[in-house]
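Coordinates in review
Spelled out, the chains give:
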Amino acid sequence: MDILFPRLTGGLVAALNKTAFSFIGVSRVSEDLVSNSQLRRAMLFELSVARAEKVLTGEDNPSWDEVLDIAVERQKKHFDAKIPDTLIQRDKDLASHTAQNLVAMLRNVEDQHPASSLSIAPSIPGLGWIASGHGDFALGNILIEVKHTDRNFMARDFRQVLMYWLLKYSATVERGDEVWTECLFLNPRRNSGLLFNFDNVLHSASASSNRVELLELLRSVVGEEFARI
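A few points on the structure. (Residues numbered from 1 in each chain as written. Predicted model: local features only at pLDDT ≥ 70, side-chain atom pairs only at ≥ 80, totals over all residues. Heavy atoms only, no water.)

Glancing now at the sheet that holds strand β1 (residues 118-120). Taken in spatial order, the 5 strands of this open sheet run β1-β4-β5-β6-β7, and their pairing is mixed. The sheet is open, and its two edges are formed by β1 and β7 (192-197), each paired on a single side. Adjacent strand axes in the sheet meet at a mean angle of 20°, parallel and antiparallel pairs treated alike. Note: strand β5 (residues 142-146) against strand β6 (residues 182-187), 5 bridges, orientation parallel. Paired with Glu-145 across the strands is Phe-185, a residue of β6. Sheet contacts for helix α7 (residues 198-205): β5, β6 and β7; angle to β7, the most-contacted strand, approximately 80°. (Pairing = 2+ DSSP bridges. Helix = DSSP H or I, 4+ residues; strand = E, 2+ residues; numbered from the N terminus. Axes fitted to C-alpha atoms, helices over the stretch in contact; angles between N-to-C directions. Contact = heavy atoms within 4.5 Å.)

Turning our eyes to something else, we now look at the pairing of β5. With 5 of 5 residues buried, β5 lies mostly within the body of the structure. Along β5, one buried face is formed by Ile-142, Ile-144 and Val-146 and the opposite face, lined by Leu-143 and Glu-145, is buried too. Taken together, the 3 bridges between strand β4 (residues 137-139) and β5 define a ladder with antiparallel strand orientation. Considered in β5, the bridge of Leu-139 is made with Ile-142. (Buried < 20%, exposed > 50% of the residue type's maximum accessible area, 1.4 Å probe, protein only.)

As a further point, take the side chain of Asp-157. Along the chain, Asp-157 falls in helix α6 (residues 155-175). Look at Asp-157 and you get buried, because its relative accessible area is 3%. Only 3.1 Å separates the side chain of Asp-157 from the side chain of Arg-151, close enough to count as a polar contact. With residues near it in sequence (within four places) discarded, Asp-157 still touches Lys-147, Arg-151 and Phe-185. (Polar contact = N/O pair within 3.5 Å; in protein donor to acceptor, adjacent residues only side chain to side chain.)

Working definition: an aromatic ring pair is given by the centre-to-centre distance plus the angle between the planes. Per the stated rule, a full pass over the model turns up 8 aromatic pairs. Aromatic pair Phe-158 and Phe-196: ring centres 5.4 Å apart, planes at 50°, arrangement tilted. Note that Phe-158 is positioned in helix α6 and Phe-196 in strand β7, a separation of 38 residues in sequence. Centre to centre, the rings of Trp-165 and Phe-198 are 6.1 Å apart; their planes meet at 35°, and the pair counts as tilted. Here the residue Trp-165 occupies a position in helix α6, and Phe-198 occupies one in helix α7, the gap between them amounting to 33 residues. Taking relative accessible area as the criterion, Phe-198 reaches 0% and is therefore assigned buried. (Phe/Tyr/Trp six-rings, centres within 6.5 Å; stacked < 30°, edge-to-face > 60°.)

On to the nonpolar core, then. In terms of nonpolar packing, the biggest core is built from 36 residues, with Leu-8, Phe-158, Phe-196, Phe-198 and Leu-218 touching the most fellow members. Contributions of two or more residues to this core are made by α1 (10-17), α6, β6, β7, α7 and α8 (211-222). Element by element, the count of residues in this core is highest for α6, at 10 residues. Counting 20 residues, the second largest nonpolar core, distinct from the first, contains Ala-99, Leu-102, Met-105 and Ile-144. (Core = buried A, V, L, I, M, F, W, Y, C linked by side-chain atoms within 4.5 Å.)

Okay, α6 next. Between the first and last C-alpha of α6 there are 30 Å, a value that for 21 residues agrees with the 30 Å anticipated at 1.5 Å per step. With 15 of its 21 residues buried, α6 lies for the most part within the structure. (Expected span 1.5 Å × (residues − 1).)

Applying the stated criterion across every chain, the model contains 8 salt bridges. Of the charged contacts, one joins Arg-189 and Glu-31 as a salt bridge, the two residues approaching to 2.8 Å between their closest N and O atoms. Here Glu-31 lies in helix α2 (residues 31-36) and Arg-189 lies in the loop between β6 and β7, a separation of 158 residues in the sequence. In this structure Arg-189 comes out as buried when scored by relative accessible area, which is 5%. A relative accessible area of 29% places Glu-31 in the partly exposed class. Between Arg-211 and Asp-199 there is a salt bridge, and its shortest N-O distance comes to 2.7 Å. Here the residue Arg-211 occupies a position in helix α8, and Asp-199 occupies one in helix α7, the gap between them amounting to 12 residues. Residue classification places Arg-211 among the partly exposed residues on the basis of a relative accessible area of 27%. Residue Asp-199 is classed as partly exposed on the basis of its relative accessible area, which comes to 34%. (Salt bridge = Lys/Arg side-chain N within 4 Å of Asp/Glu carboxyl O.)

What follows concerns the packing of helix α3 (residues 41-56) against helix α4 (residues 64-75). Where α3 meets α4, the axes come as close as 8 Å, and the angle between the chain directions of the two elements is 125°. Considered as vectors, α3 and α4 are oriented oblique to each other. Considering the relative orientation of α3 and α4, their crossing is right-handed. Facing Ala-42, Met-43, Glu-46, Leu-47, Val-49, Ala-50, Arg-51, Glu-53 and Lys-54 of α3, the residues of α4 in contact are Trp-64, Glu-66, Val-67, Leu-68, Ile-70, Ala-71, Val-72, Arg-74 and Gln-75. A class-by-class count of the residues in the contact of α3 with α4 yields 11 nonpolar, 1 polar and 6 charged. (Parallel < 35°, antiparallel > 145°, perpendicular 65-115°, else oblique. Left-handed = near helix turned anticlockwise from the far one by under 90°. Nonpolar A, V, L, I, M, F, W, Y, C, P; charged D, E, K, R; others polar.)

Put into structure tokens, the structure is as follows:
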């Protein structure tokens, strides 16, 4: 990451965070309630995203058992995950509030782009020893990533999506697919959003490299003998 994005420093991140905005009709989640929850923050995040996904696919009142099963399956990928046996009402209310915020945010963005359809868990191609994976959401040419924290967006958040973009661009060059032009960060916990243009931030975060130069640099990092995963 330091090789690819040497200029993604505190100053650039702070400047980008100054462009953050809030959504009308969305209320922040109480930090006191979050602090009093017995769930780990990562599990709370998984529950809220899983519930939001269910609502977005047409389930107005998803089963908490199903939501918990999805969240547990995702959290099992992390060795330090703490899996709850059951959910108390207080935690359900907290996850539900966060999920409602996320759904409201996404539907607001959909309304602004009526020609595009929202996709859940868009594919992120792999490259060499970098495994393939999935993002959170995508809407047309916008990649949407969700963060559930009590802070501003950080350098590691930008590094994550910039790497997603480079991996997607690599596949685009080979297969002729479309590539995302913008990224939207959403934080339903704080009612915060941040939209930026990929090319602009890639240029600023790198050593003023263009997308082709960055892709070649990435390929040199992962090795000359790379194979699509």
